[in-house]
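Topology and contacts: notes
Chain by chain, the residues:
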Amino acid sequence: MKLVYTPIIIFAFSLSSLTSCSSKQSDKKTAPLPGPQAPFDTKAFLAYNPKDGDKKIDAVMQNLHKTRAFNGNVLVAKHGKIIYEKAIGWADYLHRDSLKINSQFELASVTKTITSTAILMLWEQGKLKLDDDVKKFFPDFPYDGVTIRLLLTHRSGMMNYVYFTDDLYRAEHRLQRKGISNADEMALIAQYKPRPFNKPNVRFLYNNSNFMVLGSIIEKVTGQSYADFVKTHIFKPSGMEHTAAYSKAVYDKIPVDVVGHDRGQWRYSVAQNFLDGPLGDKGVYSTVGDLWLFDRSLRSGRLLKQATMDSAYVPRNPMIHGHFSYGYGWRIFEAPGKQVIYHTGWWHGFRHIYLRDIKDDITIVLLSNLSNGSLLKLDDLFNAAGMPIVRKSAYKGNGDTSDD
């Protein structure tokens, strides 16, 4: 994406998609997970003594902080247990406020994993079909042939609503402090009919519009706000007590303490604006621990049936470099005997990566509020954790990026 400026600096950027190599398999077995109806012991999952933290991983993270200016929170779990967890650096540099392990970060595009989970829940409940056209829910939607399935896989061909709306607000000198809702954004698209990039299902084109529209469909189908639906049906069942979806259309100031810092420099602290209103493509705020619980909840079948989850992890686009694709709201890395399901995020000074090694049961969560290149230098962390190296240039090519 491009930069979006306000009197303070607003960063609406695209994501860099990281990607991978391979590693030694562990001979340990994953502890059995509780089933959908069994008690979900969040305290046991979150149990961690810093004295027992993995020393190799700690050395990697300290080096990443010192040499690459990583600033954020990290969690690494293996076989159902946290083996490393730490808060590193500032939550708000201006006020010299340090990060805490339960600090809430704007998840940026990691939110898409939650939106896809919600959509697949509604599909399981028979409240929508993946081949339903968007016009079924929004008759004034200006594009033909855009289905839920195409939105989930970034094959809708839509324009990017962030660019369109930012340009519109500037051209018409609209107030940028007040957030717009999903309904407001859908009305703008219906009114102005911005030109799409291409026809539906022509090619993969990563685009925030896809998941903003999915968030809007969730609201239309359920009669609830996106925030209320995911709280009730995803966060509460998963024990994610430090997670919420916040819209600038509802809050004058979103009630979290972690500030995003842009361009790898502390002086560029990012102010929230109208683009922090729409939800679905972004807008969920969470912690490393709660994302670990989300992983456990998905694996145990508390949220979706296993067959549904398996369908979400199927590559739905041509493989890039032979290893990387996109499913239903998840990025996918595949190699012989390996599959890492992950997502990256980059928005308003926040940059993240959330990785789940499906076969070897390894989870890595990195949430950063100093947007720099530190998350492009994770080979040593992947090696220390025993996870494949998730970086496109690990095999061939020049490490090209795609939007986030």
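Please read these numbers as outputs of a predicted model, since none were measured by experiment.

Bringing the overall build of the chain into the picture now. Regarding its fold elements, the chain presents 11 helices and 12 strands. Buried positions account for 58% of the 404 residues belonging to the chain. In the chain, the proportion of contacts linking residues at least 24 apart, taken out of those at least 6 apart, comes to 71%. When the accessible surface of the chain is summed, it comes to about 16300 Å², and 52% of that surface belongs to carbon and sulfur atoms.

Bringing helix α5 (residues 161-171) into the picture now. Among the residues making up α5, those that are buried are Y161, V162, F164, T165, D166, L168 and Y169. The elements touched by buried residues of α5 are α6 (182-192), α7 (208-222) and β10 (338-347). N-capping of α5 is provided by N160, with a side-chain oxygen placed 3.0 Å from the backbone N of V162. Positioned one or two residues after α5, H173 has a phi angle of 55°, which is positive.

Quick look at the sheet that holds strand β6 (residues 244-245) now. Taken in spatial order, the three strands of this open sheet run β5-β7-β6, and their pairing is antiparallel. Two strands lie at the open edges of the sheet, namely β5 (105-106) and β6, each paired on one side alone. For β6 and strand β7 (residues 284-286), the ladder comprises two bridges, and the chain directions are antiparallel. Pairing of A245 across the sheet is with V284, part of β7.

To continue, consider the sheet that holds strand β11 (residues 350-357). What the seven strands build is an open sheet, ordered β2-β1-β12-β11-β10-β9-β8; its pairing is antiparallel. Looking at the sheet topology across the chains shown, the edges are occupied by β2 (81-88) and β8 (324-326). Across the sheet, the axes of successive neighbouring strands diverge by a mean angle of 15°, strand direction being ignored. Direction of pairing for strand β1 (residues 72-78) relative to strand β12 (residues 362-368): antiparallel, over a ladder of seven bridges. Paired with L75 across the bridge in β12 is V365.

Attention now moves to the packing of aromatic side chains. For the structure shown, the criterion picks out 16 aromatic pairs. Consider the rings of F40 and F45, whose centres lie 5.2 Å apart with planes at 50°: the pair is tilted. With relative accessibility at 10%, the residue F45 sits in the buried group. Ring-pair connections join several aromatic residues into one group, and the members of that group are F294, Y313, W330 and Y354. One Lys or Arg, R263, reaches over the ring of Y268 and ends 4.6 Å from the middle of that ring.

Before going further, it helps to spend a moment on the environment of D166. With respect to the helices, strands and loops of the structure, D166 is situated in helix α5. Separated by 108 residues in sequence, D166 and F274 place their C-alpha atoms 8.9 Å apart.

Applying the stated rule across the entire model yields 15 salt bridges. The closest approach of N and O atoms between D295 and R299, which form a salt bridge, is 3.3 Å. Here D295 and its partner R299 are both found in helix α9 (residues 288-300), four residues apart, which amounts to about one turn of the helix. D379 is paired through a salt bridge with R391; the nearest N and O atoms lie 2.5 Å apart. Here the residue D379 occupies a position in helix α11 (residues 379-385), and R391 occupies one in the segment after α11, the gap between them amounting to 12 residues. Through salt bridges with shared partners, a single ionic network connects D295, R296, R299, R356 and D361.

The contact between helix α3 (residues 111-124) and helix α8 (residues 226-235) brings their axes to 11 Å, and the two run at 80°. Between α3 and α8, the angle is such that the two are roughly perpendicular. For the pair α3 and α8, the contacting residues are T111, I114, T115, T117, A118, M121 and L122 in the first and Y226, F229, V230, H233, I234 and F235 in the second. Its residues assigned to classes, the contact of α3 with α8 comprises nine nonpolar, four polar and no charged.

About the cut-offs
Residues numbered from 1 in each chain as written. Predicted model: local features only at pLDDT ≥ 70, side-chain atom pairs only at ≥ 80, totals over all residues. Heavy atoms only, no water. Helix = DSSP H or I, 4+ residues; strand = E, 2+ residues; numbered from the N terminus. Buried < 20%, exposed > 50% of the residue type's maximum accessible area, 1.4 Å probe, protein only. Contact = heavy atoms within 4.5 Å. Areas by Shrake-Rupley, 256 points an atom, 1.4 Å probe, with all protein chains shown as cover. Polar contact = N/O pair within 3.5 Å; in protein donor to acceptor, adjacent residues only side chain to side chain. Pairing = 2+ DSSP bridges. Axes fitted to C-alpha atoms, helices over the stretch in contact; angles between N-to-C directions. Phe/Tyr/Trp six-rings, centres within 6.5 Å; stacked < 30°, edge-to-face > 60°. Lys NZ or Arg CZ within 6 Å of the ring centre and 35° of its normal. Salt bridge = Lys/Arg side-chain N within 4 Å of Asp/Glu carboxyl O. Parallel < 35°, antiparallel > 145°, perpendicular 65-115°, else oblique. Nonpolar A, V, L, I, M, F, W, Y, C, P; charged D, E, K, R; others polar.

Keep in mind these numbers describe shape, not what the thing actually does.
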